[in-house]
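Secondary and tertiary structure notes
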Amino acid sequence: MAFKSVDSILQPDPRFADLCIVEHGLIRPVGLADHHSALVGITLTDLAPDEVQVAFDRARNTIIYAFFDYDLFVVGEVQAFGAFELALKYRLNGRGNTSRGTLRKHVDRARKAGILPLPTLGTNVSIDPIGGLISLRNDLSHGTSDIHSPGMALQVVEACAFWINYVYSPQPEQPVASPD
């Protein structure tokens, strides 16, 4: 899509014209209120630091504006990944400490510290939903022409919210090894 003219800024992206909702047996187009209501329920725990909340809401707000420019879905997803990375940095290093490193390194450190679960082994395959998020984040952050649908963007935002909430959920006490 080309750069929008000033008189088309607040017009829904034409790609939304093909999206519909079935409600009470009737089909109707998806509106801005529908798009907003899909995001309003994706929230973070109050235990997440304010800065993480702000970064995550920046992602949700960007996704809302994707109603007017579909390409903003990818931008919102990248911001959701950034909120997840910030959550890990703060959890691992303390608030205000924005140490450098990649999302993969922060995930690895969080797994070693017992903050995030290790990948599970399925039948001849490793199941790692966080690894999948890292791959998607890297694809988007390092330049892409991909355009994602509203459904995919919502799944990414939900996944990032899930893992941020997991990182800031009360952690069960780890058993202490008894001295022999």
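Above this text sits the structure in question.
Residues numbered from 1 in each chain as written. Predicted model: local features only at pLDDT ≥ 70, side-chain atom pairs only at ≥ 80, totals over all residues. Heavy atoms only, no water.

1. Observations regarding the environment of Ala-161
Relative to the helices and strands, Ala-161 is located in helix H6 (residues 150-167). For Ala-161, a relative accessible area of 4% puts it in the buried group. Between the alpha carbons of Ala-161 and Phe-81 there is a distance of 9.4 Å; along the sequence they are 80 residues apart. In this structure Ala-161 touches Ile-42, Thr-43, Leu-44 and Phe-56, once residues within four positions along its chain are discounted. (Helix = DSSP H or I, 4+ residues; strand = E, 2+ residues; numbered from the N terminus. Buried < 20%, exposed > 50% of the residue type's maximum accessible area, 1.4 Å probe, protein only. Contact = heavy atoms within 4.5 Å.)

2. What about the environment of Arg-15?
Looking at the secondary structure, you find Arg-15 in the segment before strand S1 (20-23). Distance from Arg-15 to Phe-68, taken between C-alpha atoms, is 9.5 Å for residues 53 residues apart in sequence.

3. What to know about helix H5 (residues 129-141)
In a regular helix each residue adds 1.5 Å, so 13 residues correspond to 18 Å; H5 covers 18 Å between its end C-alpha atoms and thus fits that length. Along H5, the residues classified as buried are Ile-130, Gly-131, Leu-133, Ile-134, Leu-136, Arg-137 and Leu-140. On the buried face of H5, the contacting elements are helix H3 (72-93), helix H4 (103-112) and H6. Directly beyond the C-terminal end of H5, a positive phi value near 90° is found at Gly-143. (Expected span 1.5 Å × (residues − 1).)

4. So, unusual backbone geometry
Residue His-24 is not a glycine yet carries a positive backbone phi of 55°. Within the element layout of this structure, His-24 appears in the loop between S1 and strand S2 (26-29).

5. Let's talk about the packing of aromatic side chains
By the definition in use, this model includes nine aromatic pairs. When the ring of Phe-16 is compared with that of Phe-67, the centres are 4.7 Å apart and the planes differ by 50°; the resulting orientation is tilted. Within this pair, whereas Phe-16 is found in the segment before S1, its partner Phe-67 is found in the loop between helix H2 (50-65) and H3, the two being separated by 51 residues in sequence. Residue Phe-16 is classed as buried on the basis of its relative accessible area of 4%. Accessibility expressed as a relative area gives 5% for Phe-67, which makes it buried. (Phe/Tyr/Trp six-rings, centres within 6.5 Å; stacked < 30°, edge-to-face > 60°.)

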